[in-house]
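Coordinates in review
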Amino acid sequence: MTTIEATELVKAYGRHRALDGMTLHARTGVTGLLGPNGAGKTTLLRVLATVLPADSGQLRVLGQDPYDAVGRRSVRRRLGYLPQDAGFHRGFTAFEAVDYVAVLKEHTDTRARHEEVRRVLDLVALGDVATKRVRALSGGMRQRLGLAQALLGDPPLLVLDEPTVGLDPEQRMRFRDLVSEAGQGRTVILSTHQTEDVAAVCSDVVVVKEGRSVFTGTPTELASLATGRVWVDDAKDPRAVAGWRVGAGHYHHIGDPPAGAELVDPTIEDAYLLLLGPQAAQGRGEAA
Amino acid sequence: MTTTPWHLDGELAGRYAVGTVGPVLAASVEQHLVACVPCRSLLAPHVDTPRLDLVWAEVLEEVEAPRPTLLERLLGSIGMSDATARLVAATPSLRGAWVTGMSVVLALSLLAAYVADNGVAVFLALAPVLPALGVAAAYGPAADPAHEIVAATPYSAVRLLALRTAFVVATTLVPAAVAGLLLPGPAHLALAWLLPGLALTVGTVAVSTWIAPHQAAAALTVAWLAVSLRALAPRHDPLLVTTTPVVLGCTVALAAAAAVLLVQRRDIADVIRRTA
Ligand SMILES: Nc1ncnc2c1ncn2[C@@H]1O[C@H](COP(=O)(O)OP(=O)(O)OP(=O)(O)O)[C@@H](O)[C@H]1O
Ligand SMILES: [Mg+2]
Ligand SMILES: [Zn+2]
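All residue numbers refer to position in the chain's written sequence, counted from 1. Here the convention is simple: chains get letters from A, ligands get numbers from 1, in the order in which they are written. Restriction of local features to residues with pLDDT of at least 70 applies here, the model being predicted, together with a cutoff of 80 or more for giving and counting side-chain atom pairs; totals for whole chains, interfaces and linings are based on all residues. Side-chain metrics rest on all non-hydrogen atoms present in the structure, leaving aside hydrogens and water.

Core analysis: the largest hydrophobic core is formed by 80 residues, its most contacted members being Leu-121, Leu-145 and Leu-160 of chain A. Looking at which element gives the most residues to this core, the answer is helix H3 (residues 94-104) of chain A, with nine residues. What makes two residues a contact is simply this: any of their non-hydrogen atoms within 4.5 Å. Contact partners of Leu-160 of chain A, with chain neighbours within four places excluded, come to Leu-45, Leu-82, Leu-147, Ala-150, Phe-175, Val-179, Val-188, Ile-189, Leu-190 and Ser-191 of chain A. For this analysis, a nonpolar core means a set of buried residues of the types Ala, Val, Leu, Ile, Met, Phe, Trp, Tyr and Cys, connected via side-chain atoms within 4.5 Å. Note on classification: 1.4 Å probe, protein chains only; a residue is buried when its accessible area is under 20% of the maximum for its type, exposed when over 50%, partly exposed between these limits. Counting residues in each nonpolar core, the second largest holds 30 residues, with Ala-6, Ala-54 and Val-61 of chain A together with Ala-151 of chain B among its members. Secondary structure counts use DSSP, requiring at least four H or I residues in a row for a helix and at least two E residues in a row for a strand, with both numbered from the N terminus.

Shown next, in the form of structure tokens:
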């Protein structure tokens, strides 16, 4: 089933178009948005989460029109949203912070609401710090608190903006389990800079560049874009679009391989960097 | 909080399970049990499992769930639902800093009314601004770090804003009315700031359907101060201005217009009203 149908969305800030003809269709499962800083991922997710109206384009979320007051409310009732910089009142306890959102999500019965708050805190492994104040939580714990409120009421649509930022490896694994499970029968749409996240949990991936989608498909399809364009060599090859050191004395290259090069299987990251073009790819080469 | 250096032993667990420990010790046992799984399992032999779960749920509710504040209990007693009272209690401007700030401003302008030539004018110019600023401190991206999350919930933004405005106005009115009564001059002077205060507050809420509340309040405050200080300052009798039928009429008309706007724009307000 198609949960999100966004066609030709445009959203401008002044003269700059953060979304410039963005088209995206998301169905049940986990859709990952990949894209460099400033590509428009957050802007897109905010439009999908009904907090920011687009200037033009068509949008249907969960079969509803979010620009109509009734449709918007119906979307919000079935939506869990983790914004990029989720914050909470620093004086609230972890429990109070999630409880506050639960009230706004129309969990009116106090007893049942408290149980639900406890359930989502346990899901993100914050059950033990429920009575700690937000100001006393670590960055990764705050990130998980944001995730906890998004899970309230087990919504059929989850919109998560960079959910794995700041998580340690253990919590990252836990998050992947959580999202994979949520992807069964629900729609999760998340943005990330980690191609590993995409490989691990996404059934679909959309690459966003300058406010539009430049690739839509499965992670395997994305990786296969780079088939025949990835090779390894003992020395750095200057003809490659980008090359970086992997392991002892080996260099991993992407671009047009020289004759007789030792080709290797492409990863999602290889394809992603090739899609973005030489500049982004060289950034990776230098960082490595 | 520091980590607890002690753990339960079988004996204490047994006494806790049958309820023969004192209230102070019981409270610290509960606090400890919330954080310590091994000690929780010590209770198991003393209680059958379904009952243990029940007890455990009770303990969690007792220890973790926010206790209703005095304000929440007060609101409950006048018939407000628990959930709504929670939203009111979570209003940033009902928290200490706002109340302190407002009292300081009132005290200072009251002092000005006594010592300065045009002091009463200063009071009449400043007091109406307070509830409007309180609204700005009660809702929106500047006041609530969780605003982006709040904006995506089904709870009506206008309802939430109105709810908080009502309580901000209530909490501002009481101290401002007391200060007004202490003003030098005729008793009805105390009321001269009420109407403009009302107009500014409703106006702030209405303009908040276009821009963020803190911007709306700031814009209206500047406009009001520009008008009122210029009109008041050169005269020694501030009543001349605030009770002129024309001025009063204008104020009432403005408040009414703002209220109509607000009702008309209540749906639009659900999406926008933020510094996106
Ligand atoms: N409130 C705003 N006002 C002005 N410009 C904005 C605003 N929000 C975003 N932009 C601009 O829109 C473009 C897209 O931003 P957006 O936050 O959507 O990118 P992103 O893909 O989420 O980036 P990142 O990976 O860094 O989170 C950027 O050029 C940004 O500067
Ligand atoms: Mg972003
Ligand atoms: Zn213990």
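On we go.
Residue and element names in this part refer to chain A. By the element assignment, Ser-191 lies in strand S7 (residues 187-192). Of note is the side chain of Ser-191, whose polar atom sits 2.6 Å from the side chain of Asp-161. Ignoring sequence-local partners within four residues, the contact set of Ser-191 consists of Leu-33, Lys-41, Leu-45, Leu-160, Asp-161, Glu-162 and Pro-163. A 3.5 Å cut-off defines polar contacts: any pair of N or O atoms within that distance qualifies, except that in protein one atom must be a possible hydrogen donor and the other a possible acceptor, and neighbouring residues in sequence count only when both atoms are side-chain atoms.

Residues and elements named next belong to chain A. In the Ramachandran plot, Thr-50 falls in the positive-phi region, its phi being about 65 degrees despite a non-glycine side chain. What makes Thr-50 buried here is its relative accessible area of 2%. For Glu-106, which is not glycine, the phi dihedral falls at a positive 70 degrees. Within the fold, Glu-106 resides in the loop between H3 and helix H4 (110-123).

Glancing now at the coordination of the magnesium ion (ligand 2). Here the term donor refers to an N, O or S atom within 2.8 Å of the metal (or 3.2 Å for Na, K and Ca), and because water is left out of the atoms, sites may appear incomplete. Only Thr-42 of chain A (OG1) and Gln-84 of chain A (OE1) from the protein coordinate the magnesium ion (ligand 2), and they sit 1.9 to 2.1 Å from it. With Thr-42 of chain A in helix H1 (residues 41-48) and Gln-84 of chain A in the loop between strand S5 (79-82) and H3, the pair connects residues that are 42 residues apart, well separated along the chain.

A few words now on the interface of chain B and chain A. Chain B puts 36 residues into the contact, and the matching count from chain A is 40 residues. Buried area: the accessible surface (1.4 Å probe) lost by two parts on joining, summed over both. Taken together, the two surfaces of chain B and chain A that pack against each other cover about 3600 Å², and 59% of this comes from carbon and sulfur. One side-chain nitrogen of Lys or Arg within 4 Å of one carboxyl oxygen of Asp or Glu is enough to make a salt bridge. Counting across the interface, chain B meets chain A through two salt bridges. The interface formed by chain B and chain A includes eight residue pairs in polar contact (both at pLDDT 80 or more). Listing elements by their share of the side of chain B that touches chain A, those giving two or more residues are helix H2 (23-35), helix H4 (49-64), helix H6 (82-89), helix H10 (147-151), helix H11 (157-181) and helix H16 (268-271) of chain B.

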